[in-house]
Amino acid sequence: MGFDQERFAAANVAGAFGPRRLYLAALDAVFVARRGLGCGVVVREGGPVLRVVAEGAAGRAVEVGCDFLDGRWWFTWADSGRTIGVVEDPRAVADEVVRVLRVEAAR
């Protein structure tokens, strides 16, 4: 079995292991430590996002992206691209995501 350069490129290995995926994994780890939430990295439009769901409320999920903007990495709302917070502070970003999920649950 030889190395297949085309298959390797098609597998999007850079996207799977690049900074975007690593930052999303770090945010995922913050959520894993919290009760009442489920989350995981999924692919949307060719790029990874972190889908966060309140337990028992799959319809109230949000998706968090990660984008390089103005010379630094930011967590963003995947649907709008609006920034949530810098990647260096995943706990604050997690707090904001939970706050939004709670607002959605109250509706």
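Just above, that's the structure.
Conventions used here
Residues numbered from 1 in each chain as written. Predicted model: local features only at pLDDT ≥ 70, side-chain atom pairs only at ≥ 80, totals over all residues. Heavy atoms only, no water. Pairing = 2+ DSSP bridges. Helix = DSSP H or I, 4+ residues; strand = E, 2+ residues; numbered from the N terminus. Axes fitted to C-alpha atoms, helices over the stretch in contact; angles between N-to-C directions. Contact = heavy atoms within 4.5 Å. Buried < 20%, exposed > 50% of the residue type's maximum accessible area, 1.4 Å probe, protein only.

Re the sheet that holds strand 1 (residues 37–44)
And then number 1: Strand order in the open sheet made by the five strands is 1-2-3-4-5, with antiparallel pairing throughout. With partners counted over all chains shown, the strands left at the sheet margins are strand 1 and strand 5 (83–86), one partner each. In this sheet, adjacent strand axes meet at a mean angle of 30° when their direction is disregarded.
And then number 2: Packing of helix 3 (residues 19–32) onto the sheet brings it into contact with strand 1, strand 2 (47–54), strand 3 (57–69) and strand 4 (72–77), and relative to strand 2 it is tilted by some 10°.

Focus on unusual backbone geometry
And then number 1: With a phi angle near 50°, E45 is a residue other than glycine that sits in the positive phi range.
And then number 2: Position of E45 relative to the elements: it lies in the loop between strand 1 and strand 2.
And then number 3: The exposure class of E45 is exposed, given its relative accessible area of 89%.
And then number 4: Positive phi values are uncommon outside glycine, yet D70 reaches one of about 50°.
And then number 5: Inspection of the secondary structure puts D70 in the loop between strand 3 and strand 4.
And then number 6: Assessed through its relative accessible area of 83%, D70 is described here as exposed.

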